[in-house]
Amino acid sequence: MTPLSTSGWQLDPGQADADARAPLDGGGQLKLAFLTPTMARVTWETAQGYKEPRTWAISPVAGQDVPWTGRDRASLDGFARPAIAQTADEPLLQTGQLAVRLHGGPGRAVGLEWSDPESGRIYLRDRGTSAYLGERRTGLVRHCVVRHPSEQYFGLGDKTGPLNLHGRRLRCMGQDSLGYDPRNGDPLYKHWPFLMTRTVDGLWTGVYYDTLSACTFDLGCEHDNYHDFFRTLDIDDGDLDYYIMVGRTPAEVVSQFVQLIGGTHLPPRWSVGYAQTAMGLPDAPDAQVRLDAFIDECVSRRIPISSFHYGSGYSSRGKQRYVFTWNRSKFPDPEAVNAKFHAAGMRIVANLKPCLLDDHPSYEKLAGEGAFLQHRDNGKPVLEPYWDGQGSHLDFTREGAVAWWKSQLKAEILDRGIDVGWNDNNEYAIQAEDAYSDGWGQPMPMHRSRPLHGLLMTRATFEAQQEHARTQGDDEPIYTITRAGPPGLQRYAQTWSGDNTTSWATLKWNIRTGLQMSLSGMFNIGHDVGGFYGPVPSPELLLRWVQACSLNPRMVMNSWKEGGVTNLPWMHAEVEDAVRNAIGLRYRLMPYLWQCFEQASQTHVPIIRPTFFNFPDDVACLTDSDDFMLGDWLLVAPVVEEGAVTRRVYLPALPAGERWFALDTREPYEAGREHTVEAPLEHLPIFVRQGARIPVASPKAGQVAAFDDPVSEVLSF
């Protein structure tokens, strides 16, 4: 690889497109622009221009979405750029909160050093030997940064294993990762090149690399005697365009990133309730009969439930799925069963897939209209294996494909009484090297547009629901879901950790994956309760899983088991009451949980958080654990070990004289130390920080708990 070189930096603070630039030997330039007092941007523009001239992630003005056709990559619109001070005797620029020293010139490597102007402490330092490199043979570009062995790394989306990613090599490239290893599996479903660092001095730095190309982050695997300790980002034939944001706490960094990518959509309150889905029910030959019976079971067993998520079985013939069609032999009267769901207080969500099998009723028409991804050399649809057949993926960068999607969603889903589209199997793992996206008339090779389709599919679903609601006079907020996508998906949808496997290990490590997504800027997240794939959960495992997820933002029990077995609240009679009570806990705390959702949307902070997020000065909170904070006040300590009836939990340090309390008994606990607490099978340990006022709800007399039960009291601690 060839390092960038320059004759020197040109400093011109306040210029329209950059505060500094380094003309590169061989053409092109490296540009630097401060965007806020604590955020700056660095771009490498080659002599040929950008390979990715548009972005769909950057959306800095609240309420203003990115155009469907993308935002000009060169644009700095929407940023109130700060005043910049320049040092006369050295190449250094600074705001009051962030300084950058610029290196490079004849015989000196191009590099940047970011620091706190007040203390001089380093936020981020480029590798001194060579920091920016390119490879002509493959188009790969690399960014190399100095790595301290004691730094801690977080983010990158739906990553597995311990929260601290130091020492791992990880990919950002969505895959259909059914049955992934919850401890070591990578990549999963999201493309999310945002990395947050806690420095050895306790400062926090976030870097977002704005690219749709596949990325590899080496966070301490690679060593080279000539370069000392370093870490790298490799971008597969895309552009190096990164945003650096700094703060004294992780909250300051995460909130800046989420604002940068357009904030978090606030869904309707009913979507926060418990939900059930199961492929086995809609897949069955007598699917409508089984769903009818499921509704009756929920009512008779008094299960608090707010929605049912159809799997794709309503559209199946055998193992194959045909989006926006109904199998009338299984669903002779879908409107009737949908009406029964609504009468029982359940909203309905339908699974949608972006690939049409080649014998789909609409395939030939759409192929003739050019609505699919195409081969560059012959213009024919890319046809590849999909769901036990051959299929072509819709090209969501073509107006005709988006229009067809919206019209079919309205006609075949929403008009039949279903409330929501669930965007699934949208990783777009296309194998054909010459596949391309139309890009609204500006073609994009597939390797530079793969994650974009998950985002635009989700946006099309969101907007179709929005348009349909307007025609019905319904002003309720929109709710949709996506499994895959890049930064920007949180503007429209909820997401989850995908097709997990039933095991105690998954229960344990999925907690970290959910927290990692939260630190990455995806706040409305969860996991398939009980495990989607693999064996049937034991009674103990099912109950512990329900407890662990009862206070996650998303709580959906989902499964696909051999023989059509379905994870259900009543599947094990010996724990049915305890499962019902754990779901009921969610509804009792619904007013507080909803406050957390509102806070996430308004102030850009996660709903669930590692304890160090709330207590960044307590270094003991950086130790990997199974605990998490729900909002500002509740610490949840799920039991994730088989047979355990006690739980060791560290309660973070508080100001002098303050304590923690058990939510149920109000027993006080000393802050800043570890405790062993009782955790019998039917109990989820939850602790409340002193000073909290927790609103709780109660159902009306004789009624099952519901998402809109009023506040019955406020618990003061």
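Residues numbered from 1 in each chain as written. Predicted model: local features only at pLDDT ≥ 70, side-chain atom pairs only at ≥ 80, totals over all residues. Heavy atoms only, no water.

1. Overview of the sheet that holds strand S28 (residues 374–375)
Two pairing modes exist for strands in a sheet, parallel and antiparallel, and in both the strands are linked by backbone hydrogen bonds.
At step 1: Here three strands make up an open sheet; going across it, the order is S28-S32-S33 and the pairing antiparallel. The open sheet has two edge strands with one neighbour each: S28 and strand S33 (444–445).
At step 2: Bridge analysis of strand S32 (residues 435–437) against S33 gives two bridges, and the strand direction is antiparallel. Residue serine 437 lies in a different strand from S33, and its bridge partner there is methionine 444. (Pairing = 2+ DSSP bridges. Helix = DSSP H or I, 4+ residues; strand = E, 2+ residues; numbered from the N terminus.)

2. Quick look at the nonpolar core
At step 1: Of all hydrophobic cores here, the largest spans 157 residues; its most connected members are Phe294 and Leu394.
At step 2: Ignoring any residue separated from it by four or fewer positions in sequence, one finds phenylalanine 294 in contact with Gln276, Leu281, Ile305, Phe308, Phe341, Met346, Leu568 and Trp570.
At step 3: Judged by nonpolar contacts, the second largest core, of 43 residues, contains Ile84, Leu98, Val100 and Tyr209. (Core = buried A, V, L, I, M, F, W, Y, C linked by side-chain atoms within 4.5 Å. Buried < 20%, exposed > 50% of the residue type's maximum accessible area, 1.4 Å probe, protein only. Contact = heavy atoms within 4.5 Å.)

3. Observations regarding helix H3 (residues 287–300)
At step 1: In this model, H3 (14 residues) spans 20 Å end to end at C-alpha, consistent with the 20 Å of a helix rising 1.5 Å per residue.
At step 2: Taken together, the buried positions of H3 are Ala287, Gln288, Leu291, Phe294, Ile295 and Cys298. End-on view of H3: buried residues confined to an arc of 115°, all on one side of the axis. Every exposed residue of H3 that faces more than 90 degrees away from the buried side is listed here: Val289 and Ser300.
At step 3: Where H3 is buried, its residues touch strand S22 (275–277), helix H2 (280–283), strand S23 (307–310) and helix H4 (334–343).
At step 4: Residue arginine 302 follows H3 closely and has a positive phi angle near 55°. (Expected span 1.5 Å × (residues − 1). Arc of directions from axis to C-beta.)

4. Describing a nonpolar patch on the surface
At step 1: There is a patch of nonpolar side chains on the surface, built from Leu178, Tyr533 and Trp560 and spanning about 270 Å² of accessible area.
At step 2: Here tyrosine 533 is to be found in the loop between strand S35 (526–529) and helix H9 (539–549).
At step 3: The exposure class of tyrosine 533 is partly exposed, given its relative accessible area of 34%. (Patch = residues over 30% accessible without salt bridge, like charges linked within 9 Å, V, L, I, M, F, W, Y side chains within 5 Å. Areas by Shrake-Rupley, 256 points an atom, 1.4 Å probe, with all protein chains shown as cover. Salt bridge = Lys/Arg side-chain N within 4 Å of Asp/Glu carboxyl O.)

5. A word on the side chain of glutamine 152
At step 1: For glutamine 152, the location among the structural elements is in strand S15 (residues 152–155).
At step 2: In this structure glutamine 152 comes out as buried when scored by relative accessible area, which is 13%.
At step 3: In this view, glutamine 152 contacts Asn164, Met196, Thr197, Arg198 and Leu622; residues no more than four positions away in its chain are not counted.

6. Quick notes on the packing of aromatic side chains
At step 1: The final tally for this structure, using the stated rule, is 34 aromatic pairs.
At step 2: Relative to tyrosine 189, the ring of tyrosine 180 lies with its centre 6.4 Å away and its plane at 80°, an arrangement referred to as edge-to-face.
At step 3: For tyrosine 189, a relative accessible area of 1% translates into the label buried.
At step 4: Plain terms: the ring middles of tyrosine 314 and tryptophan 326 are 4.8 Å apart, the flat faces sit at 45° to each other, and that makes the pair tilted. (Phe/Tyr/Trp six-rings, centres within 6.5 Å; stacked < 30°, edge-to-face > 60°.)

7. Comments concerning the environment of tyrosine 153
At step 1: By the element assignment, tyrosine 153 lies in strand S15.
At step 2: Residue tyrosine 153 is classed as buried on the basis of its relative accessible area of 0%.
At step 3: Filtering out sequence-adjacent residues up to four positions away, tyrosine 153 remains in contact with Arg147, His148, Leu163, Asn164, Leu165, His166, Leu195, Met196, Thr197, Leu219 and Arg231.
At step 4: Side-chain polar atoms of tyrosine 153 contact the side chain of arginine 231, separated by 3.3 Å. (Polar contact = N/O pair within 3.5 Å; in protein donor to acceptor, adjacent residues only side chain to side chain.)

8. As for the domain arrangement of the chain
At step 1: You can read the domains of the chain as domain 1 (2–173 + 185–261), domain 2 (269–353 + 399–429 + 452–599) and domain 3 (605–716).
At step 2: A C-alpha centroid distance of 26 Å is found between domain 2 and domain 3.
At step 3: Between domain 2 and domain 3, roughly 3900 Å² of surface is buried when both sides are summed, and carbon and sulfur atoms account for 66% of that area.
At step 4: Per-residue buried area on domain 2 facing domain 3 is highest for Arg544, Arg588 and Tyr592; these three make up 19% of the total on that side.
At step 5: Counting every contact that joins domain 2 to domain 3 gives four salt bridges.
At step 6: As a salt-bridge pair, lysine 508 and aspartate 626 come within 3.1 Å of each other at their nearest N and O atoms.
At step 7: Of all the secondary-structure elements, those providing two or more residues to the side of domain 2 that touches domain 3 are helix H8 (504–519), H9, helix H10 (576–588) and helix H11 (590–603).
At step 8: Element by element, the count of residues in the side of domain 2 that touches domain 3 is highest for H8, at ten residues.
At step 9: Taken together, the residues of the side of domain 2 that touches domain 3 sort by class into 26 nonpolar, eight polar and seven charged. (Domains from an automatic or database assignment. Buried area = accessible area lost by both parts, 1.4 Å probe. Nonpolar A, V, L, I, M, F, W, Y, C, P; charged D, E, K, R; others polar.)

9. Looking at the packing of H9 against H10
The description of two helices packed together rests on the angle between their axes and the distance between the axes.
At step 1: Packing of H9 against H10 brings their axes to within 9 Å, and their N-to-C directions diverge by 5°. The pairing of H9 with H10 is recorded here as roughly parallel in orientation. On H10, the residues that touch Leu542, Leu543, Val546, Gln547 and Cys549 of H9 are Ala578, Val579, Ala582, Ile583 and Arg586.
At step 2: Classifying every residue of the contact of H9 with H10 by side-chain character gives eight nonpolar, one polar and one charged. (Axes fitted to C-alpha atoms, helices over the stretch in contact; angles between N-to-C directions. Parallel < 35°, antiparallel > 145°, perpendicular 65-115°, else oblique.)

10. Overview of the pattern of salt bridges
At step 1: With the rule as written, the count across this model stands at 52 salt bridges.
At step 2: Note that glutamate 427 and arginine 483 form a salt bridge whose closest N and O atoms lie 2.8 Å from each other. Taken together, the residues glutamate 427 in the loop between strand S31 (420–423) and S32 and arginine 483 in the loop between strand S34 (481–482) and H8 connect sequence positions 56 residues apart. In this structure, glutamate 427 and arginine 483 share a single accessibility class: buried.
At step 3: Shared partners join several salt bridges into a network, and the residues in it are Asp65, Lys406, Lys410, Arg459, Glu463, Glu467 and Arg491.

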